[in-house]
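Okay, here's what each chain looks like letter by letter:
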Amino acid sequence: VIGNKNYSSWSMRPWLALKWGGIAFEERIIPLGGEGYGQSAIKEVRDVSPSGRVPALHVSGVVIYESLAICEWAAEQAPSLWPADVLQRAQARAAASEMHAGFAALRRDMSCNIRRRLAKAPAWPADTQADLTQLFKTWEALLQRSGGPFLFGARSIADAMFAPVATRLRTYAVETPRASQTYCDTIFADAAFQEWERAAEAEP
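Treat the numbers as computed from the prediction; the structure is a model and nothing was measured.

Draft legend 1. Molecular detail of the overall build of the protein. Helix and strand counts for the protein come out as nine helices and two strands. Beginning at the N terminus, the succession of helices and strands in the protein can be written as α-α-β-β-α-α-α-α-α-α-α. Relative to the compact-globule value of 17 Å for 204 residues, the protein shows a C-alpha radius of gyration of 17 Å, a close match. Reported as C-alpha extents along the three principal axes, the dimensions of the protein are approximately 45 × 40 × 30 Å. The burial tally for the protein puts 48% of its 204 residues in the buried class. Considering only intrachain contacts with a sequence separation of at least 6, the fraction spanning at least 24 residues in the protein is 68%. A total accessible area of about 10,100 Å² is found for the protein, and carbon and sulfur atoms account for 52% of it. Put simply, the protein has 22 plus and 22 minus side-chain charges, and the middle of one group is 2 Å from the middle of the other.

Draft legend 2. Looking closely at helix α1 (residues 9–20). Here α1 spans 17 Å end to end across twelve residues, near enough to the 16 Å set by a 1.5 Å rise per residue. With ten of twelve residues buried, α1 lies mostly within the body of the structure. The complete set of buried residues in α1 reads Ser9, Ser11, Met12, Arg13, Pro14, Trp15, Leu16, Ala17, Leu18 and Trp20. Elements that come into contact with the buried residues of α1 comprise α3 (67–77), α4 (86–101), α7 (157–171) and α9 (191–202). Among the residues trailing α1, glycine 22 stands out with phi positive, at a value near 70°.

Draft legend 3. Just the side chain of lysine 5, in detail. By the secondary structure assignment, lysine 5 is in the segment before α1. Lysine 5 has contacts with Trp15, Glu27, Ile29, Ile114, Trp196, Ala199, Ala200 and Glu203, leaving out every residue within four places of it along the chain.

Draft legend 4. Representation of the environment of alanine 166 in the model. For alanine 166, the location among the structural elements is in helix α7. A sequence separation of ten residues divides alanine 166 from threonine 176, and the C-alpha atoms of the two residues are 10.0 Å apart. Setting aside residues no more than four positions away along its own chain, alanine 166 makes contact with Trp139, Cys184 and Phe188.

Draft legend 5. Region of the structure containing the packing of α4 against α7. Relative to each other, α4 and α7 sit at 30°, their axes nearing to 8 Å. Our classification of the angle between α4 and α7 gives roughly parallel. Crossing handedness for the pair α4 and α7: left-handed. Of the residues in α7, those touching α4 at Ala92, Ala95, Ala96, Met99 and His100 are Ile157, Ala158, Met161, Phe162 and Val165.

Rules used throughout
Residues numbered from 1 in each chain as written. Predicted model: local features only at pLDDT ≥ 70, side-chain atom pairs only at ≥ 80, totals over all residues. Heavy atoms only, no water. Helix = DSSP H or I, 4+ residues; strand = E, 2+ residues; numbered from the N terminus. Rg over C-alpha atoms; globule rule 2.2 N^0.38 Å. Buried < 20%, exposed > 50% of the residue type's maximum accessible area, 1.4 Å probe, protein only. Contact = heavy atoms within 4.5 Å. Areas by Shrake-Rupley, 256 points an atom, 1.4 Å probe, with all protein chains shown as cover. Lys, Arg positive; Asp, Glu negative; His and termini not counted. Charge placed at Lys NZ, Arg CZ, Asp CG, Glu CD. Expected span 1.5 Å × (residues − 1). Axes fitted to C-alpha atoms, helices over the stretch in contact; angles between N-to-C directions. Parallel < 35°, antiparallel > 145°, perpendicular 65-115°, else oblique. Left-handed = near helix turned anticlockwise from the far one by under 90°.

Written out as structure tokens, the structure reads:
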């Protein structure tokens, strides 16, 4: 169960992981908004997710209702979603967790809107600029170490967690260093991402 593809960045993350892992699933979209929105109190979402939020994955009578938890479940079915090397796997988990718990200013000021394109980036406050600096530093260190094209060479949950951020940089015309822009272009060229993007663009 996911939200609008144009806006629900947290839904995109495990959706990509499931696609990349080759895990079949049935998709249900609940448009977000209306009564209870922003308070985790939309009735249709509460009916399928105990947190009142999407995404939620229903498996054999169990509800997994958090993005990174769904990704971890997917990796247990498809271990290639994490790097094989134990230290690289730990580092990939650290990067995914950093995105999951951090970059609050970036997320505050750059809401997910896949269709939108600004002609010029706004003047970002200091905490948002600090998040961008940290983002590019993280990406470029990992890409230099792995050789790319994804953060750990092959697609991983870390990339699924950062994919919506790549769309935000594009939406808000953020000046992006070359290596980070090449990484964003790698995400945009991915077949599963393009499937999500087409659906987002087609939404009312």
